[in-house]
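Examination of the molecular architecture
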Amino acid sequence: MPRSTGTFMERLEKGPVIGDGGFVFALEKRGYVEAGPWTPEAVIEHPEAVKQLHREFLRAGADVCQAFTFYASEDKLNNRGHGAGKHGVYGINEAACKIVREVSYPEGALIAGGVSQTPTYLTAVSPEEVKAEVKKQLKVFKEQKVDLMIAEYYEHVEEAEWHVQAIKEYMPDTPVCASLAINADSDVHGVPTGECGVRLVNAGADVVGVNCHFDPFRGIEAVVKMRDAVKETGLKCHFMVQPLAFWTPDAGVQGFIDLPEFPFALEPRVLTRWDMRRYAREAWDAGIHYIGGCCGFEPYHIRAVSEEMSEERGGYLPYNGVQWGTCLLKHTKSWVRERATREHWETLNPGTGRPYSPSLSKPSTART
């Protein structure tokens, strides 16, 4: 069964649209991204690595592949002495778009351009100053005719509003998704999460939600706040969630960045693929049609999301899906074959193998 067809907005109307995963974390683990700056110069320095990761998310069932342009604004590329600026905003964004187009379109997937929060916002004296920084990136996305834009990873709804407005001014015919890196309470300036959703819709966003910083279930909780607030005003939009693949019940307002394990010791917190199936089901039941992932999401996580949403996607299945472990019926060991049931994996409480490992951490106190 092939993927859904049509424009991005048409696909959202028909059923769930599956996003991809977190490129900066996945490529850092593979040795292609520098932790700290988290910038995407790998699209020029290691294009095959980026291309291969796109392929893997596509095989896992992603409907939308996002060009690897996270943190590719001019001010971020040159921030704190970082050398990625030598490639230039245009060069990095153009290379990213060409890579994602080459691998996505033959599979029937859509491509998204992406912008995110900028250092300029913290010192800007006007919205125009921030919008000017954003529009330096948009030139390539407009030339490459991306199917949609994703404005993501904002801790302040005000900056997200300005970015959405910039996109709508420069690319008025392109659908815009806007997601904040916040919890169910508020952004870091104290603006309630529900109000944030309303403000993003009023700014022109077609799809609103959250990404990064918190685990899938805290992410859904935040989007539900947006959903309810938007519906109460009578506004119309779709909703999205692209959370972490790490459990964060103990994270504060800054999310996983507050945790002492960030960024190099988060692996004990990784959700299983069975957790991801539950995440996909709960997101869909909450009325969220764009379901993807951010930092920590690997292709096998997206494959689990795709499998859970198979019926809602007209029977589409990703390559080599595990389907509740039925493939284990071919295993040589009888006790492993006994695990080829939905009940086994759905009720499993997995061990960590760490006898003295705490279940929670003490988050750092937020400071600049």
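Before reading further, recall that the structure is shown in the block above.
What this report covers is the structure whose coordinates are included nearby. (Residues numbered from 1 in each chain as written. Predicted model: local features only at pLDDT ≥ 70, side-chain atom pairs only at ≥ 80, totals over all residues. Heavy atoms only, no water.)

**Observations concerning the overall build of the protein chain**
When helices and strands are counted, the protein chain shows 14 helices and 8 strands. The principal-axis extents of the C-alpha atoms in the protein chain amount to approximately 65 × 45 × 45 Å. When the 368 residues of the protein chain are sorted by exposure, 56% land in the buried category. A sequence separation of at least 24 residues applies to 77% of the contacts in the protein chain between residues at least 6 apart. In the structure as shown, the protein chain presents an accessible area of about 15,800 Å², 51% of it carried by carbon and sulfur atoms. Measuring between centres, the 41 positive side-chain charges of the protein chain sit 5 Å from its 50 negative side-chain charges. (Helix = DSSP H or I, 4+ residues; strand = E, 2+ residues; numbered from the N terminus. Buried < 20%, exposed > 50% of the residue type's maximum accessible area, 1.4 Å probe, protein only. Contact = heavy atoms within 4.5 Å. Areas by Shrake-Rupley, 256 points an atom, 1.4 Å probe, with all protein chains shown as cover. Lys, Arg positive; Asp, Glu negative; His and termini not counted. Charge placed at Lys NZ, Arg CZ, Asp CG, Glu CD.)

**Thoughts on the side chain of His156**
Position of His156 relative to the elements: it lies in the loop between β4 (148-154) and α8 (157-170). Given a relative accessible area of 9%, His156 falls into the buried group. In this structure His156 touches Tyr121, Leu122, Asp187, Val188 and His189, once residues within four positions along its chain are discounted.

**A closer look at the pairing of β4**
Within β4, 7 of the 7 residues are buried, leaving the element largely enclosed by the surrounding structure. Note that strand β3 (residues 110-116) and β4 share 5 bridges and pair parallel. When the bridges of β4 are listed, Ala112 appears paired with Leu148. The parallel pair β3 and β4, bridged by helix α7 (residues 127-144), forms a crossover whose chirality is right-handed. (Pairing = 2+ DSSP bridges. Right-handed = clockwise from strand over helix to strand, strands pointing away.)

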